[in-house]
Amino acid sequence: GLADKDIERLRTDGFIEGAIPYDIWQNRDKHGELLSFMQCMRPDLGRSCIHAMHVASINSEVVLSYHLSLLKDWHHIETKTRLLFKKFIELGKEHKNG
């Protein structure tokens, strides 16, 4: 990435400010298949990270947003989110069959 002094210089120009690079993290399985990714930008302005994942049980993309300080917990957040959707599907099946 760019050095802090270079980023600060870019931020003085309102037009170029939007071009400041952001960080991306990828979560892949052992076969290289993309399971999820995180993208974070401009934590100094309180902007949050975007965490996108495919949830196969509902064949959907789930997008979460949270503060950069929680990025260290991305694995836990992703695991719990997947479990939440799994429980939701199970409850729906119980309701349909009950």
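Residues numbered from 1 in each chain as written. Predicted model: local features only at pLDDT ≥ 70, side-chain atom pairs only at ≥ 80, totals over all residues. Heavy atoms only, no water.

A closer look at the overall build of the protein
Within the protein, the regular secondary structure consists of two helices and four strands. Across the 98 residues in the protein, those meeting the buried criterion constitute 20%. Once local pairs closer than 6 in sequence are excluded, the contacts in the protein between residues at least 24 apart make up 24%. A total accessible area of about 7,400 Å² is found for the protein, and carbon and sulfur atoms account for 56% of it. (Helix = DSSP H or I, 4+ residues; strand = E, 2+ residues; numbered from the N terminus. Buried < 20%, exposed > 50% of the residue type's maximum accessible area, 1.4 Å probe, protein only. Contact = heavy atoms within 4.5 Å. Areas by Shrake-Rupley, 256 points an atom, 1.4 Å probe, with all protein chains shown as cover.)

Quick look at the confidence of the model for the protein
Taken as a whole, the protein shows an average pLDDT of 78; of its residues, 71% reach a score of 70 or greater. Within the protein, the lowest mean pLDDT, 65, falls on helix α1 (residues 4-11), and the highest, 89, falls on strand β4 (residues 60-67). (pLDDT = per-residue confidence, 0-100.)

Concerning the state of the cysteines
Within the structure shown, the criterion is met by one disulfide. The disulfide that involves C40 links it to C49, with 1.9 Å between the sulfurs. In this structure the cystine formed by C40 and C49 twists about its S-S bond by roughly 115°; its chirality is therefore right-handed. The burial state of C40 is the same as that of C49; both residues are buried. (Disulfide = S-S within 2.5 Å.)

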